[in-house]
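Summary of the model geometry
One-letter residues, chain by chain:
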Amino acid sequence: MVFLAITPEGLPQTLSAAEKTGQPVWCGSNAISQEAFSAMTGSGLSRFDYALHPQDADTLAGALYTIAQHHPASIVWLETAPAADD
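Residues numbered from 1 in each chain as written. Predicted model: local features only at pLDDT ≥ 70, side-chain atom pairs only at ≥ 80, totals over all residues. Heavy atoms only, no water.

Before going further, it helps to examine the overall build of the chain. A tally of regular secondary structure across the chain gives three helices and four strands. Dimensions of the chain, computed from the C-alpha atoms along their principal axes, are close to 40 × 30 × 25 Å. Residues counted as buried form 28% of the 86 residues belonging to the chain. Here the analysis covers contacts within the chain between residues at least 6 apart in sequence; of these, 38% occur between residues at least 24 apart. When the accessible surface of the chain is summed, it comes to about 5400 Å², and 56% of that surface belongs to carbon and sulfur atoms. (Helix = DSSP H or I, 4+ residues; strand = E, 2+ residues; numbered from the N terminus. Buried < 20%, exposed > 50% of the residue type's maximum accessible area, 1.4 Å probe, protein only. Contact = heavy atoms within 4.5 Å. Areas by Shrake-Rupley, 256 points an atom, 1.4 Å probe, with all protein chains shown as cover.)

This is how it looks when you write it as structure tokens:
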């Protein structure tokens, strides 16, 4: 199983869940700064160099494809964010 966090609010929760299972976590550049990511060496966290947004289906599909290349046949748990008020 692989976790994909897409928001800065969801990333800490995802890391906490993954820590219990030892599963890898991926996130977008908008979920954690490069500096904070660099400080987490060896944490099992992978960071895309682009932002992920719940409304951008094409970018999310590309991220899921990349994860599938690195973790074939793994289930990916995708964070879903509450819908923004219009």
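Given a rise of 1.5 Å per residue, 14 residues ought to cover 20 Å, and the 20 Å separating the end C-alpha atoms of helix H3 (residues 57-70) matches this to within 8%. For H3, the elements touching its buried residues are strand S1 (2-5), strand S2 (25-27) and strand S4 (76-78). (Expected span 1.5 Å × (residues − 1).)

A residue-level look at the chain finds 93% of positions with pLDDT of 70 or above and a mean pLDDT of 91. Here helix H1 (residues 10-21) stands out as the element of the chain with the lowest mean pLDDT, 92, in contrast to S2, whose mean of 97 is the highest. (pLDDT = per-residue confidence, 0-100.)

Mapped onto the elements, Ser 38 comes out in helix H2 (residues 34-38). Among the residues examined, Ser 38 registers a relative accessible area of 42% and is labelled partly exposed.

This part takes up unusual backbone geometry. Even without being glycine, Ala 73 reaches a positive phi, approximately 65 degrees. Residue class for Ala 73 comes out exposed when judged on its relative accessible area of 88%.

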